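Chains, contacts and geometry: an overview
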Amino acid sequence: MAHLALESASCTSGADGASCTSGAEKRIWYIWHLKVHLAELTTALRDYVGREMPLYLAERLTEHYRNKSRTTGDGPEIYLKREDLGHSGSHKMNNALAQAMIARRFGCSRVVVATGAGQHGVATAAACAKLSLECTVFMGTTDIEKQSSNVLSMKLLGAQREDAAKARGMATEVTLSIGPFKLSERTNKVRQVSSLEGTFQDASSEAIRNWVENLETTYYLSGTVVGPHPSPVMVREFQSVIGKETRKQAKRLWGGKPDVLVACVGSGSNALGLFHEFVGDEDVRLVGVEAAGLGLDSGKHSATLAVGDVGVYHGSMSYLLQDDQGQILRPHSIGVE
Ligand SMILES: Cc1ncc(COP(=O)(O)O)c(C=O)c1O
């Protein structure tokens, strides 16, 4: 019965502001540990997302490095944890689905989200489609241009695309319905953010603004392990399924543990999802890889942890690329800039 009480509680549990931090945190963990929630999530991860994801022996890559190490004739056996095989095509779904379920138990009817490369937007649109939640995705104009296939996926998963000429004020809005996918009870919107350079930084600021203006109905679904507490802890927890599966699969495949785990670090969610399970294993090396771009001295890279400094972003402490005045510097990326 306890969970029913929560479900009927309004999304505003925090209209008083508490929802954004402490009040919400308690409720999130309460929901997270409910048997009914875990059972529902486990089933959805299996049947909607397609878990577990294979730990795939990359034979040709393994062979390549074996041949390179001619002196000893051996090299690592390289396995890929195939998060790309899940519904919506990336690990982002693990977190999006878990948080969308929490949003629904909070009684929220709407989710807002910011996306850069677009994968978090696609994952959240797919999670909201499953749960009948309205979803508004904020994405910068530059990113929309670069990641048009992901924008198309978001549209297909929802019903509408909404263009706003200006991020704030939304002066000119054009709504296009795109055919047979239109659902009557809910809509997905991709809201184009054209302020400043039209990238993730602008999109996330707009999404947060929109959220705080609509606390009574809306849940802000963070896509990675940055931002104010409890967001990073929550995302790490929801992504830790990656590492847990990896441990079991390694045991099954070669009866041991991986010697080294390597993960790309954009903002850290897949890396922490993989690493967290192994943090206490001293015999497992954890390697996070950031993009050095045109070189760490070039100013054109996205190595925030390697060469960034501690600063404040969206009200929370973080490692940032910033100038002497604490103004945020744009990361360089061949994917999204
Ligand atoms: C497929 C994929 N991998 C990795 C990342 C990097 O993000 P994170 O470091 O949070 O995993 C992204 C970001 O959008 C992504 O789409």
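Every chain's residues receive numbers from 1 upward, in the order its sequence appears when written. Since the coordinates come from a predicted model, pLDDT governs what is reported: local features require at least 70, and pairs of side-chain atoms require 80 or more to be given and counted, while whole-chain, interface and lining totals use all residues.

The protein is annotated in an unreviewed UniProt entry as tryptophan synthase from Brassica oleracea var. oleracea. UniProt positions are given in the numbering used here, feature names are shortened, and annotations may be inferred rather than shown by experiment. Note on the protein: under the UniProt heading Pathway (unreviewed entry), the record states "Amino-acid biosynthesis; L-tryptophan biosynthesis; L-tryptophan from chorismate: step 5/5." The record held by UniProt for the protein lists under Catalytic activity (unreviewed entry) the comment "(1S,2R)-1-C-(indol-3-yl)glycerol 3-phosphate + L-serine = D-glyceraldehyde 3-phosphate + L-tryptophan + H2O".

1. Thoughts on the overall build of the protein
Every helix listed is a DSSP run of H or I at least four residues long, and every strand listed is a run of E at least two residues long, numbered separately from the N terminus. Of the regular secondary structure elements, the protein holds 13 helices and twelve strands. Note on burial: count the other C-beta atoms lying within 10 Å of the residue's C-beta; 20 or more is buried, 12 or fewer is exposed, in between is partly exposed, and C-beta positions come from the backbone. Scored against the burial criterion, the 337 residues of the protein give a buried share of 40%. Taking the intrachain contacts of the protein between residues at least 6 apart in sequence as the baseline, contacts between residues at least 24 apart amount to 68%. Working definition of a contact: two residues with C-beta atoms, positioned from the backbone, lying within 7 Å.

2. Details of the site of the ligand
The C-beta atom of each residue is placed using the backbone, and any residue whose C-beta lies within 6 Å of a molecule or strand is treated as near it. Near the ligand you find 13 residues, and of these Ser90, Gln119, Gly266, Ser269 and Asn270 are the closest. Of all elements in the fold, only helix H6 (119-131) and helix H12 (269-275) reach the threshold of two or more residues within the shell around the ligand. Counting residues per element, the shell around the ligand draws most heavily on H12, at three residues. Grouping the amino acids of the shell around the ligand by side-chain chemistry returns four nonpolar, nine polar and no charged. Each residue is assigned to one of three groups, with Ala, Val, Leu, Ile, Met, Phe, Trp, Tyr, Cys and Pro labelled nonpolar, Asp, Glu, Lys and Arg labelled charged, and all others, Gly among them, labelled polar.

3. Brief notes about H6
For a helix, the expected span equals 1.5 Å multiplied by the residue count minus one. Over its 13 residues, H6 runs 18 Å from end to end, which matches the ideal 18 Å to within 8%, given 1.5 Å per residue. Of all 13 residues that make up H6, eleven are buried, and the element is covered over most of its length. Looking at H6, one finds that the buried residues are Gln119, His120, Gly121, Val122, Ala123, Thr124, Ala125, Ala126, Ala127, Cys128 and Ala129.

4. Considering the nonpolar core
The nonpolar core criterion groups buried Ala, Val, Leu, Ile, Met, Phe, Trp, Tyr and Cys residues into a set whenever they are joined through C-beta atoms within 7 Å. Leu97, Ala100, Ala103, Val111, Val113 and Ala125 are the most contacted members of the largest nonpolar core, which totals 58 residues. Among the elements that make up this core, the one with the highest residue count is helix H5 (residues 92-106) (nine residues). What Val113 contacts, discounting residues up to four positions off in sequence, is His120, Gly121, Thr124, Cys135, Val137, Phe138, Ala207, Leu221 and Gly223.

5. Observations regarding the pairing of strand S3 (residues 110-115)
Counted residue by residue, S3 has six buried out of six residues, so it is predominantly covered. Strands qualify as paired when DSSP identifies two bridges or more between them. Pairing of S3 with strand S4 (residues 134-140) involves six bridges; the strand directions are parallel. Directly across from Val113, in S4, lies its bridge partner Val137. Consider the strands pointing away from the viewer: the crossover is right-handed when the path from the first strand over the helix to the second runs clockwise. For the segment spanning S3, H6 and S4, crossover handedness is right-handed. Direction of pairing for S3 relative to strand S8 (residues 218-220): parallel, over a ladder of three bridges. For Val111, the partnering residue across the bridge sits in S8 and is Tyr219.

6. Quick word on the packing of H6 against helix H8 (residues 148-157)
Between H6 and H8, the shortest axis-to-axis distance is 9 Å and the interhelical angle comes to 10°. Between H6 and H8, the angle is such that the two are roughly parallel. Facing H6, whose interface residues are Gln119, Gly121, Val122, Ala125, Ala126 and Ala129, H8 presents Asn150, Ser153, Met154 and Leu157. Here the residues of the contact of H6 with H8 are counted per class, giving six nonpolar, four polar and no charged. For helices, the axis comes from a line fit to the C-alpha atoms of the stretch in contact; other axes are also lines fit to C-alpha atoms, and the angle between any two N-to-C directions lies between 0 and 180 degrees. We call two directions roughly parallel when the angle between them is under 35 degrees, roughly antiparallel when it is over 145, roughly perpendicular when it lies between 65 and 115, and oblique otherwise.

7. Observations regarding the environment of Asp297
Relative to the helices and strands, Asp297 is located in the loop between strand S10 (285-289) and helix H13 (304-307). Looking at Asp297, the number of C-beta atoms within 10 Å reads 9, which means it is exposed. Along the chain, Asp297 and Val307 lie ten residues apart, while their C-alpha atoms are 9.5 Å from each other.

8. Considering the environment of Pro228
Here Pro228 lies in the loop between S8 and helix H10 (231-239). With 88 residues separating them in the primary sequence, Pro228 and Ser316 have C-alpha atoms 5.2 Å apart.

9. Quick look at unusual backbone geometry
Omega for the bond connecting Arg51 with Glu52 falls within 30 degrees of zero, at 10°, which places this linkage in the cis form. Structurally, Glu52 is set in the loop between helix H3 (35-49) and strand S1 (55-57). The amide bond that connects His229 to the next residue, Pro230, takes the cis arrangement and shows omega of 10°. A positive phi angle is found at Ser88, which is not glycine, with a value near 85°. Within the element layout of this structure, Ser88 appears in the loop between strand S2 (79-81) and H5. With a phi close to 55°, Ser132 is a non-glycine residue in the positive phi region.

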